[in-house]
2 protein chains.
Amino acid sequence: MAIKNAFYAQSGGVTAVINASAAGVIEAARNNSDKIGNIYAGRNGIIGALTEDLIDTSEETAEAISALRHTPSGAFGSCRYKLKSVEQNRREYERLIEVFKAHDIGYFFYNGGGDSADTCLKVSQISDTLGYPIQAIHIPKTVDNDLPITDCCPGFGSVAKYIAVSTREASFDVASMAKTSTKVFVLEVMGRHAGWIAAAGGLASSEDCEIPIIILFPEITFDKAKFLTKVDHYVKEYGYCSVVVSEGVKGADGNFLSDQGLRDAFGHAQLGGVAPVVANIIKDGLGLKYHWGVADYLQRAARHVASKTDVQQAYAMGKAAVEYAIAGHNSVMPTIDRQSNSPYRWEVGMAKLSDVANVEKMMPANYISEDGFGITAACREYLAPLIEGEDYPPYKNGLPDYVRLKNMAVTRKLDDFKL
Amino acid sequence: MAIKNAFYAQSGGVTAVINASAAGVIEAARNNSDKIGNIYAGRNGIIGALTEDLIDTSEETAEAISALRHTPSGAFGSCRYKLKSVEQNRREYERLIEVFKAHDIGYFFYNGGGDSADTCLKVSQISDTLGYPIQAIHIPKTVDNDLPITDCCPGFGSVAKYIAVSTREASFDVASMAKTSTKVFVLEVMGRHAGWIAAAGGLASSEDCEIPIIILFPEITFDKAKFLTKVDHYVKEYGYCSVVVSEGVKGADGNFLSDQGLRDAFGHAQLGGVAPVVANIIKDGLGLKYHWGVADYLQRAARHVASKTDVQQAYAMGKAAVEYAIAGHNSVMPTIDRQSNSPYRWEVGMAKLSDVANVEKMMPANYISEDGFGITAACREYLAPLIEGEDYPPYKNGLPDYVRLKNMAVTRKLDDFKL
């Protein structure tokens, strides 16, 4: 078998551990240099392939690649760019083949979420549709935890840990202040369609550390009266409470709760988050003092408090992708298969991309408590192992010592290509 | 000398390390049980003294007190309650004396910021004004870093570390996304009067990890045109940039930039933060995609990423307060005296409360760069040691194992008191 080079790209929103998957790919390929040649990374994802803007990862030292394991974000740059179908945009697929041919690329590793799985599936079919032999393997990554078949998605466990830790810490804070000041803390978290991340806020409360937490899920229509009754109840019982609100929460009118038609003094539309909206509802309805925060990028970039389980799984997915490629697989995705909850055991499995693409995994209904404001024991059992373990990055001068790669460009061989 | 009991209370906004000061007080007192009796903590700060709601810390195990060192927030509850002067509210001081007498309290340890220093000063003068012998020692604490004489304030170093780490992480994220998506990340941080916390965002960029960061200080009047020019310049040069904005930034009209007179669709006033305002200015002025976050309580409660220097100093301040009391001092505050920058060395000093109360330490003008958007080398030299070192809490099931005390009430001996 002739040794072929590989293409690797990061796609969509980045995470605290997507670079750990990159490390898994590159280190596994280096350990199999008799079977896989160079790994060329796409600068800014698939755009790098289309524009022949390839990064030569062989220029990076073993230390630098190893440091990817503890570095958040996308070391080669990511992009939000979805390939259309071959029928709709044959030109892009022909360009990909041109680039693959020019650089002797026989393996396509695509590291992303649902949209990327779809793109990867399309690339995996090039052999059949356009006659170019390529093996395309998708590597799962998404903080939204919404890929099917795999038990969880690398990136989610670390966001979950960040939200659980932050909710616990902020709850301790508001509990201290509640006697004369702030009684409610509202934290806005990611998750436009599914409440996986919001659910993680529920882990902040545990048997040995009970905290009154109200979760507002995107799955549950916001009911103002019911919500205010719950807040009032908790504040009367505990003196304070915390609210974890998903950015995707909608009102009875079907609109996002964050979309309040805000105008400034000049009548200009203003974009706000949902946390201040919820805080205002609490102020107007109950007259309670509040504070609110919006975690935004902090939650998915927080490698400093990453879940060790998540880091290990992200790395394992990258490594497995290479092993599957060497074994001759195409159009598949490595998965995390849960074997048991306690002790938590998981193995690497495999899914067909045709079963993954365009399928969104929602929260099971039995993960949300009866009143719609909390998580059930089943949900806790599912989530708990995913935030297990700490995996601190090295520090230098009080700051995490994250790596920046050289990202040297591979010499171009083709003409320019307009996106 | 007869052994007297001590009163300890936490005041104002809590921090990641104020409980480390509490541990310093209680452990030092326990080590000097031949000189100091019980430590009674005020439940919810000074309110606990006024209402005779005292917590018997002798009921807590050595392990629990030791765990305070790694637990954020105020373990005994804090409050926002400022004593008036003896002339204005003699009744409150007479009540304090009544409570002190009833529980044989001869030492008053007050752990807080500027307002608390003023309260502590007033209590320290009770001996003279009302004839009750008490030694009052103030223990510095404030994330705002605005107490005079002491080189820095316990609580600030950990917030600074959190903001520096978070800004670095979010900047890595936006750099990954910038090619096709988000180009600017805006992070709102605390600091209504002084830009110390915002300045810490500047540490995210270092010689070996350059990041384009724009800081909006409360000390500098917001200049929209100049700001947009700076953002535009950075995005053209680096492809992205991060903005760290202090909640206290004001416009040329003298109003807070966050105060935009926002109205919802029904004309109701809405409270927003300054981060979305700045983000909207970027969108309107430059048409760039942005994300924004508001750290709020997360920043001051983030014990999981506390500065080791800060934890050590917080503990040392509590311990020194007890030693000063035993040595017969009254109306003083232990201070952190910087001996050298590199290597960083500091010693415990002492300030008179009359020199501390009602004095606010602002950022020196030479800490802000010429263009008003960054920190100078002098500022960096000052800040860098304060975020040095990690001091992780223990974890259990993936979450920090923070302690909750029993907080058993001391039996009351007096009649009720109306606040």
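Residues numbered from 1 in each chain as written. Chains lettered and ligands numbered in written order. Predicted model: local features only at pLDDT ≥ 70, side-chain atom pairs only at ≥ 80, totals over all residues.

**Q** Describe the overall build of chain A, and please don't skip the residues or the numbers.
**A** Looking only at helices and strands, chain A has 14 helices and 13 strands in total. Over its C-alpha atoms chain A spans a radius of gyration of 23 Å, differing by no more than 12% from the 22 Å that the globule rule assigns to 419 residues. Projected onto its principal axes, the C-alpha coordinates of chain A cover approximately 70 × 50 × 45 Å. The buried share among the 419 residues of chain A stands at 59%. In chain A, the proportion of contacts linking residues at least 24 apart, taken out of those at least 6 apart, comes to 76%. (Helix = DSSP H or I, 4+ residues; strand = E, 2+ residues; numbered from the N terminus. Rg over C-alpha atoms; globule rule 2.2 N^0.38 Å. Buried ≥ 20, exposed ≤ 12 C-beta atoms within 10 Å, placed from the backbone. Contact = placed C-beta atoms within 7 Å.)

**Q** So what about the packing of helix H9 (residues 224–238) of chain B against helix H10 (residues 274–286) of chain B? Which residues, and what values?
**A** Pairs of packed helices are described in terms of their axes, by the angle between the two and the distance that separates them. All names here are of chain B. It is the contact of H9 with H10, at a shortest axis distance of 10 Å, that shows an interaxial angle of 75 degrees. With respect to H10, the axis of H9 lies roughly perpendicular. Between H9 and H10, the residues in contact are Lys224, Leu228, Val231 and Asp232 and Ile281, Ile282, Gly285 and Leu286, respectively. (Axes fitted to C-alpha atoms, helices over the stretch in contact; angles between N-to-C directions. Parallel < 35°, antiparallel > 145°, perpendicular 65-115°, else oblique.)

**Q** Lay out unusual backbone geometry in plain terms, naming residues and giving numbers.
**A** The phi torsion of most residues other than glycine is negative, and most of the peptide bonds are trans. Residue Pro343(A) is reached from Ser342(A) by a cis peptide bond, and omega for that bond is 5 degrees. Notably, Asn44(B) is not glycine yet its phi reads approximately 60 degrees, a positive angle. Positionally, Asn44(B) belongs in the loop between strand S2 (36–42) and helix H2 (46–50). The backbone of Asn145(B) sits at a positive phi, close to 60 degrees, despite the residue not being glycine. Looking at where Asn145(B) falls in the secondary structure, it is placed in the loop between strand S5 (135–140) and helix H7 (156–177). Overall, the presence of 28 C-beta atoms within 10 Å leaves Asn145(B) in the buried class.

**Q** Can you explain the domain arrangement of chain A? Please cite residues and give values.
**A** All names here are of chain A. In terms of domain boundaries, chain A breaks down into domain 1 (4–155 + 305–358 + 390–400) and domain 2 (156–301). Taking the mean C-alpha position of each, domain 1 and domain 2 sit 34 Å from one another. Taken together, the 19 residues of domain 1 in the interface contact 15 residues of domain 2. Broken down by class, the residue content of the side of domain 1 that touches domain 2 amounts to eight nonpolar, eight polar and three charged. (Domains from an automatic or database assignment. Nonpolar A, V, L, I, M, F, W, Y, C, P; charged D, E, K, R; others polar.)

**Q** Run through the pairing of S5(B), naming residues and quoting values.
**A** Each regular strand displays side chains that alternate between the two surfaces of the sheet. All names here are of chain B. Summarising burial for S5: six of the six residues are buried, a large majority. Where burial is concerned, the two faces of S5 agree: the one with Gln135, Ile137 and Ile139 and the one with Ala136, His138 and Pro140 are both buried. Relative to S5, strand S4 (residues 105–112) is paired through six bridges, and the arrangement is parallel. Across the sheet, Tyr110 pairs through a bridge with His138, a residue of S5. (Pairing = 2+ DSSP bridges.)

**Q** Which residues make up the relation of the copies chain B and chain A, and what values do they have?
**A** After a rotation of 180 degrees and a shift along the axis of 0.0 Å, chain B superposes on chain A with an RMSD of 0.0 Å. A rotation of that kind, with that shift, is consistent with a two-fold axis. The fraction of interface residues of chain B whose copies in chain A are also interface residues reaches 100%, indicating that both copies meet through the same surface. (Least-squares fit on C-alpha atoms with pLDDT ≥ 70 in both.)

**Q** Please set out H10(B) residue by residue, giving values where relevant.
**A** Helical geometry note: an α-helix holds 3.6 residues per turn, so side chains three or four residues apart project in the same direction. Residue and element names in this part refer to chain B. The end-to-end C-alpha distance of H10 is 18 Å, a good match for the 18 Å that 13 residues give at a rise of 1.5 Å each. Those residues of H10 not exposed but buried are Val274, Ala275, Pro276, Val277, Val278, Ala279, Asn280 and Ile282. Gly287, located one to two residues past H10, shows a positive phi value of around 65 degrees. (Expected span 1.5 Å × (residues − 1).)

**Q** I'd like a rundown of the pairing of strand S6 (residues 184–189) of chain B, residues and numbers included.
**A** Residue and element names in this part refer to chain B. With six of six residues buried, S6 is to be regarded as a mostly interior element. Neither face of S6 is exposed, since Val184, Val186 and Glu188 on one face and Phe185, Leu187 and Val189 on the opposite face are all buried. In this structure, S6 lies alongside strand S9 (residues 290–294), joined through five bridges in parallel fashion. Along S9, the bridge assignment pairs Val184 with Tyr290.

**Q** How would you sum up the interface of chain B and chain A? Please name residues and give values.
**A** Contact with chain B, which involves 70 residues of that partner, is made by 70 residues of chain A. Elements with a minimum of two residues in the side of chain B that touches chain A: H7, H10, S9, helix H11 (297–301) and strand S13 (399–400) of chain B. Tallying contributions element by element places H7(B) first for the side of chain B that touches chain A, with 13 residues. Partitioning the side of chain B that touches chain A into residue classes produces 33 nonpolar, 23 polar and 14 charged.

**Q** Now, about the environment of Val99(A): what can you tell me, with residues and values included?
**A** By secondary structure assignment, the location of Val99(A) is in helix H4 (residues 90–102). Beyond its immediate stretch of four places on either side in the chain, Val99(A) contacts Ala49(A), Glu52(A) and Leu414(A).

**Q** I'd like a description of the environment of Ala275(A), backed by residues and values.
**A** Residues and elements named next belong to chain A. Locating Ala275 in the fold gives a position in helix H10 (residues 274–286). Accessibility expressed as a C-beta count within 10 Å gives 28 for Ala275, which makes it buried. Distance in space between the C-alpha atoms of Ala275 and Met317 is 35 Å, their sequence separation being 42 residues. With residues up to four places along the chain from it excluded, the contact list for Ala275 reads Val186, Leu187, Glu188, Val245, Trp292, Gly293 and Val294.

**Q** Tell me about the environment of Phe109(A), and name the residues and values.
**A** All names here are of chain A. Within the element layout of this structure, Phe109 appears in strand S4 (residues 105–112). Assessed through the 29 C-beta atoms surrounding it within 10 Å, Phe109 is described here as buried. When the C-alpha atoms of Phe109 and Asp53 are compared, they prove to be 16 Å apart, with 56 residues separating the residues in sequence. Contact partners of Phe109, with chain neighbours within four places excluded, come to Ala6, Phe7, Tyr8, Val25, Ile137, Ile139 and Ala321.

**Q** Provide a residue-level description of helix H12 (residues 308–326) of chain A, including the pertinent values.
**A** Residues and elements named next belong to chain A. A rise of 1.5 Å per residue sets the reference length of H12, with its 19 residues, at 27 Å; its end C-alpha atoms lie 27 Å apart and thus fit the reference within 8%. Extensive coverage of H12 is indicated by the burial of 15 of its 19 residues. Phi turns positive one or two residues past the end of H12, at Gly328, with a value near 95 degrees.

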